[in-house]
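# Structural overview
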Amino acid sequence: TVPVLKTAAVRGEGIAALVDKITAHREWLASTGQGERRRLRRSREEVTARLRELLVRRALRSLEADEFEALIRGVADGAVTAADAARTIAARLRG
């Protein structure tokens, strides 16, 4: 459970207790390795998201003007699977 601390910044109430809890939490993160694991997870997620964006943009730029729409229509019509359409686009990136 997450502790709830009552504070009133205008009156300065509970601020010292809040700072103590924040400090204790930071120490816990450091001593258990949780801080490092969380930083790594967030970094991995961010890099993966940026890579995905770049690859999608590059893949779409590699297609002729109507190619993407033709693939989408093929998927919608059941002529091609979404996986096959994606593989077709990915193949363009490989050259």
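An account of the accompanying structure is given in this report. (Residues numbered from 1 in each chain as written. Predicted model: local features only at pLDDT ≥ 70, side-chain atom pairs only at ≥ 80, totals over all residues. Heavy atoms only, no water.)

Right, let's get into the overall build of the protein chain. Check the secondary structure of the protein chain and you find 4 helices and 0 strands. What you see in the protein chain, going N to C, is helices and strands ordered as α-α-α-α. Scaling as 2.2 N^0.38, a compact globule of 95 residues should have a C-alpha radius of gyration of about 12 Å, whereas the protein chain reaches 25 Å, well beyond that. Oriented by its inertia axes, the alpha-carbon framework of the protein chain measures out at about 65 × 30 × 25 Å. By residue count, 9% of the 95 residues in the protein chain fall in the buried class. Carbon and sulfur atoms provide 57% of the accessible area of the protein chain, an area that totals close to 8100 Å². Separation between the mean location of the 19 positive side-chain charges and that of the 13 negative ones in the protein chain comes to 7 Å. (Helix = DSSP H or I, 4+ residues; strand = E, 2+ residues; numbered from the N terminus. Rg over C-alpha atoms; globule rule 2.2 N^0.38 Å. Buried < 20%, exposed > 50% of the residue type's maximum accessible area, 1.4 Å probe, protein only. Areas by Shrake-Rupley, 256 points an atom, 1.4 Å probe, with all protein chains shown as cover. Lys, Arg positive; Asp, Glu negative; His and termini not counted. Charge placed at Lys NZ, Arg CZ, Asp CG, Glu CD.)

So, on to the nonpolar core. The biggest cluster of nonpolar side chains holds 5 residues, and these are A59, L63, L71, A85 and I89. Among all residues touching L63, those that are not within four sequence positions of it are F68, I89 and R92. (Core = buried A, V, L, I, M, F, W, Y, C linked by side-chain atoms within 4.5 Å. Contact = heavy atoms within 4.5 Å.)

The next subject is the packing of helix 1 (residues 15-32) against helix 2 (residues 34-61). Taken N-terminus to C-terminus, the directions of helix 1 and helix 2 make an angle of 85°; their axes are 5 Å apart at the nearest point. One element, helix 1, and the other, helix 2, form an angle in the roughly perpendicular class. Taking contact as the criterion, the partners of H25, W28, L29 and T32 in helix 1 are, on helix 2, Q34, G35, R37 and R38. By residue class, the composition of the contact of helix 1 with helix 2 is 2 nonpolar, 4 polar and 2 charged. (Axes fitted to C-alpha atoms, helices over the stretch in contact; angles between N-to-C directions. Parallel < 35°, antiparallel > 145°, perpendicular 65-115°, else oblique. Nonpolar A, V, L, I, M, F, W, Y, C, P; charged D, E, K, R; others polar.)

Attention now goes to the environment of S31. Within the secondary structure layout, S31 lies in helix 1. Each C-alpha atom, one on S31 and one on E69, is 53 Å from the other, the two residues being 38 residues apart in sequence. Side-chain polar atoms of S31 contact the backbone oxygen of W28, separated by 3.3 Å. (Polar contact = N/O pair within 3.5 Å; in protein donor to acceptor, adjacent residues only side chain to side chain.)

For the α-helix, the turn length of 3.6 residues means that residues three or four positions removed from each other point alike. Across its 18 residues, helix 1 extends 26 Å between first and last C-alpha, which sits within 8% of the 26 Å expected from 1.5 Å per residue. G33 sits one or two positions beyond helix 1 and adopts a positive phi of about 85°. (Expected span 1.5 Å × (residues − 1).)

Once that is clear, we can look at the packing of helix 3 (residues 67-77) against helix 4 (residues 82-94). Running from N to C, helix 3 and helix 4 point in directions that differ by 160°, and their axes come no closer than 9 Å. Considered as vectors, helix 3 and helix 4 are oriented roughly antiparallel to each other. For the pair helix 3 and helix 4, the sense of crossing is right-handed. Counting all contacts with helix 3, which are made through E67, F68, L71 and V75, the residues of helix 4 involved are A82, A85, T88, I89 and R92. Each residue belonging to the contact of helix 3 with helix 4 can be placed in one class, and the counts come to 6 nonpolar, 1 polar and 2 charged. (Left-handed = near helix turned anticlockwise from the far one by under 90°.)

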